[in-house]
Amino acid sequence: MDSSAISAPRKRVLSLIQPTSVPTIGNYIGALRNWAAMADDYDCFYGVADLHALTIRPDPPALRRQSTEMFAMLLALGLRRGNNVVFVQSHVPEHCQLNWILTCYTQFGEAARMTQFKDKSASHADNVNLGLFSYPTLMAADILIYQADYVPIGADQKQHLELSRDIAERFNGIYGPTFTAPEPYIGKIGSRVMSLQDPTKKMSKSDPNPKGAISILDSPDQIVKKCKSAVTDSEASVHYAEGKDGVNNLMTIFSACTGQTFERIERDFAGKGYGDFKLALAEAVIEELRPFQEEYRRLMADPASLRQAAAEGAEAAARAARRTTAKAMKKVGLWMAERG
Ligand code: ATP
Ligand code: LTN
């Protein structure tokens, strides 16, 4: 008998990214690159978290443009292959429906403990809305609605993932098996890439200082300039050590782009100054991003096929999302309408 006929079903992977700005090399190394690496071995759902972006009240035309661009970027990363689905969160309304149900199974205290809520309510003190507070239950809905086994994310999202798992287990405990409890997938290298200007802060796409972050659409010139101006130290020695936050961060980025170990980098740059290392780093980042940037430009020149891909993604995602939502609705006792 053909052994593939009895093999276990493929595990599911899900992750989303907010279209708040162009992703940085931090988002790329910490998350997107792992999405691409998992795209062949799992059934993957990857999406643009446009509903989450509403929590910081973006400019409407900018949100529309950035959502389209982010969708094109996900396609340019080659994520839509095999059975994988690439979609936009708001195109699948079931996320909101399940979110409401999960909100009723999440305690106020649990949401109040989230460090992202505390950070964002401090940085957007004039707009601490309920969406910012219930952000993690929508994220839980995103994950649980696809019965995801693994969620590739950077280290900053670990707490949200743990809450999603707690919500799934609580619901399953009350109503019997309904949701798969998800596990985070956090890469060993680069799960927290730091700002080039302040290596004690994570690199962030909403950093007001443009020199702090390399965007994945930056031109070679911009990448060289940003690498050259990265903060290091006065020791002029390329090695990984406590207290050398700037150099450690650059070595992490270099290692992620070239696959070289820290030992190999230290050997190759022994006796050389930071200037040489920064130029080699810029070259490595430029080469890593080149194929992606070319494909992105090609896709953005064809808006009709982007719209078509988004419609197909929404249809495929909704098929899976409807199944879980109906199951959860039945379990909690909602009277299900029969619609033709
Ligand atoms: P914002 O600055 O708009 O809050 P962000 O840069 O933190 O955004 P998100 O959209 O929140 O980016 O995150 C997308 C993915 O990138 C998430 O999986 C997140 O964990 C990961 N990520 C974000 N910043 C970093 C970083 N500095 N290093 C590694 N991974 C990161
Ligand atoms: N909260 C995440 C984005 C996000 C997400 C998700 C990530 C929204 N829904 C589901 C993984 C799974 C962030 O800010 N990076």
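Computed from a predicted structure; not experimentally measured. (Residues numbered from 1 in each chain as written. Chains lettered and ligands numbered in written order. Predicted model: local features only at pLDDT ≥ 70, side-chain atom pairs only at ≥ 80, totals over all residues. Heavy atoms only, no water.)

**Student:** What is the right way to read the pattern of salt bridges from this model?
**Tutor:** It is possible for side chains of opposite charge to pair when their charged atoms get near one another. According to the stated counting rule, one finds 16 salt bridges in the structure shown. For glutamate 110, the salt bridge is made with arginine 170, and the minimal N-O distance between the two is 2.7 Å. Of the two residues, glutamate 110 sits in helix α5 (residues 108-112) while arginine 170 sits in helix α8 (residues 158-175), which places them 60 residues apart along the sequence. The salt bridge partner of aspartate 268 is arginine 264, with a shortest N-O separation of 2.9 Å. Of this pair, aspartate 268 and arginine 264 both sit in helix α11 (residues 262-268), separated by four residues, roughly a single helical turn. (Salt bridge = Lys/Arg side-chain N within 4 Å of Asp/Glu carboxyl O. Helix = DSSP H or I, 4+ residues; strand = E, 2+ residues; numbered from the N terminus.)

**Student:** Would you explain the environment of valine 86 in this entry?
**Tutor:** Mapped onto the elements of the fold, valine 86 is located in strand β3 (residues 85-88). Placed 224 residues apart in sequence, valine 86 and alanine 310 show a C-alpha to C-alpha distance of 7.5 Å. Among residues more than four places away in sequence, those in contact with valine 86 are Tyr46, Phe71, Leu74, Leu75, Leu79, Arg80, Ala309 and Gly313. (Contact = heavy atoms within 4.5 Å.)

**Student:** Is there a simple way to think about empty space enclosed by the protein in this case?
**Tutor:** Left-over empty space is what a probe sized like a water molecule reveals as it rolls over the atoms. On inspection of all chains with the given rule, the structure shows one cavity of 30 Å³ or more. As a volume, the largest cavity reaches approximately 40 Å³. When residues of the lining of the largest cavity are traced back to their parent elements, those giving at least two are α6 (115-123) and α7 (130-144). For the lining of the largest cavity, the class distribution of residues is six nonpolar, two polar and one charged. (1 Å grid on protein atoms, 1.4 Å probe; cavity = no way out; pocket = protein on both sides within 12 Å on 5 of 7 lines; lining within 4 Å. Points joined across faces, edges and corners; volume = space filled by probe spheres on them. Nonpolar A, V, L, I, M, F, W, Y, C, P; charged D, E, K, R; others polar.)

**Student:** What exactly am I supposed to notice about unusual backbone geometry here?
**Tutor:** Glycine aside, negative phi is the norm for most residues, and most peptide bonds take the trans geometry. With a phi close to 40 degrees, arginine 57 is a non-glycine residue in the positive phi region. You can see arginine 57 is positioned in the loop between α2 (50-53) and α3 (60-76). What makes arginine 57 exposed here is its relative accessible area of 65%. In this model, alanine 236 sits at a positive phi of 55 degrees, which is unusual for a non-glycine residue. (Buried < 20%, exposed > 50% of the residue type's maximum accessible area, 1.4 Å probe, protein only.)

**Student:** Would you mind going over the packing of aromatic side chains with me for this structure?
**Tutor:** Describing an aromatic ring pair means giving the distance of the ring centres and the angle of the ring planes. Following the criterion strictly, the structure yields 15 aromatic pairs and no others. Summarising the aromatic geometry, the rings of phenylalanine 45 and tyrosine 146 are spaced 4.6 Å apart at their centres and angled 20 degrees between planes, so their arrangement reads as stacked. With phenylalanine 45 in strand β2 (residues 43-48) and tyrosine 146 in the loop between α7 and β4 (150-152), this residue pair connects regions lying 101 residues apart in the sequence. Each member of the pair, phenylalanine 45 as well as tyrosine 146, is classed as buried. Taken together, a centroid distance of 4.6 Å and an interplanar angle of 15 degrees make the contact between tyrosine 240 and phenylalanine 262 stacked. (Phe/Tyr/Trp six-rings, centres within 6.5 Å; stacked < 30°, edge-to-face > 60°.)

**Student:** Looking at this structure, I do not really get the site of ligand 1. What am I missing?
**Tutor:** Within the structure, ligand 1 sits among 21 residues, and Lys120, Asp156, Lys202, Ser204 and Ser206 are positioned closest to it. Here an oxygen atom of ligand 1 and a side-chain polar atom of lysine 202 are 2.4 Å apart. A distance of 2.5 Å separates an oxygen atom of ligand 1 from a polar atom in the side chain of serine 204. Here ligand 1 occupies the largest pocket. Ranked by the residues each element gives to the shell around ligand 1, the list is headed by helix α1 (residues 25-38), at four residues. Looking at the shell around ligand 1, its residues break down into five nonpolar, eleven polar and five charged. (Near = heavy atom within 4 Å. Polar contact = N/O pair within 3.5 Å; in protein donor to acceptor, adjacent residues only side chain to side chain. Sits in = over half its atoms within 2 Å of the grid points.)

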